[in-house]
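Observations on the model geometry
For reference, the chains in residue letters:
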Amino acid sequence: MDIELAHIDFAYQIGGKAAERAAGSGQIFEDFSYLLREGEILNVMGASGCGKTTLLKLLTGQLKPQRGRIRGIERKEISMVFQENRLCEDFSAETNVRLGCGRGYFSGCDQSDIGRHLLEVGLDEAPDKKVSSFSGGMKRRVAIVRALMSESKLLLMDEPLKELDAATKEEAIAYIKKYRGNRTTVI
């Protein structure tokens, strides 16, 4: 099912007062409409503060538009790579991935399958280590694997390649392409 954003207005509150509609005042979207087709990949790019993360938060329901509506998102399973990794630091890479699979969407989410996925993103020595001992780039790859192994109809990825060097980015891109399937994807 397609996702439709229709005439969305969204502004952040500034200084406890309603944001003005002038540029730089907290207004992020004004009469924004977009039809995200099922299976489409939408790559959103722009300057810091232009609304990329806000768009993802609107899609997940973390934020509500002040005007307009979002249709087609109801009851959609969503997996996400957040802007921050949101990992359980005292758990292993494998356990963090398993937590994303805990809803039972991914039929092959066993220990050997998780290990294979972690290997594919270059985390061969890491499956049973606590993620608190990982570098930022290693944590990012765990977050990517967790999102991709959690079957969903909608895949949201907020800066999925940050903290990765050039070679690791290529590896992560290949992994995302391989396991994205036909999910509607917003990056």
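Preceding block: the structure.
For clarity, every value in this text was computed on a predicted model and none was experimentally measured. (Residues numbered from 1 in each chain as written. Predicted model: local features only at pLDDT ≥ 70, side-chain atom pairs only at ≥ 80, totals over all residues. Heavy atoms only, no water.)

Bringing the nonpolar core into the picture now. Counting residues in each nonpolar core, the largest one holds 26 residues, and the members touching the most others are Val97, Leu118, Val142, Ile144, Leu148 and Tyr175. Elements with a contribution of two residues or more to this core: helix H2 (93-101), helix H3 (111-120), helix H4 (136-149), strand S6 (154-157) and helix H5 (166-179). By residue number, the principal contributor to this core is H4, which donates eight residues. By size, the runner-up hydrophobic cluster in this structure holds 18 residues, among which are Phe10, Leu36, Leu63 and Leu154. (Core = buried A, V, L, I, M, F, W, Y, C linked by side-chain atoms within 4.5 Å. Buried < 20%, exposed > 50% of the residue type's maximum accessible area, 1.4 Å probe, protein only. Helix = DSSP H or I, 4+ residues; strand = E, 2+ residues; numbered from the N terminus.)

A few words now on the sheet that holds strand S1 (residues 3-11). Ordered in space as S2-S1-S4, the three strands form an open sheet in which the pairing is antiparallel. Both outer strands of the open sheet, strand S2 (27-36) and strand S4 (67-71), are each paired with one neighbouring strand and no more. Across the sheet, the mean angle from the axis of one strand to that of its neighbour is 15 degrees, orientation sign disregarded. In the sheet, S1 pairs with S4 via four bridges, with the strands oriented antiparallel. Bridge pairing in S4 places Glu4 opposite Arg71. Strands in contact with helix H1 (residues 52-60) are S1, S2 and S4; relative to S1, the strand with the most contacts, it is inclined by about 120 degrees. (Pairing = 2+ DSSP bridges. Axes fitted to C-alpha atoms, helices over the stretch in contact; angles between N-to-C directions. Contact = heavy atoms within 4.5 Å.)

In this fold, Lys139 is placed in helix H4. Exposure remark for Lys139: the relative accessible area of 16% places this residue in the buried category. Residues Lys139 and Glu89, 50 residues apart in the sequence, show an inter-C-alpha distance of 9.4 Å. Discounting residues that sit within four places of it in the chain, Lys139 has contacts with Asn85, Leu87, Glu89, Val131, Ser132 and Phe134.

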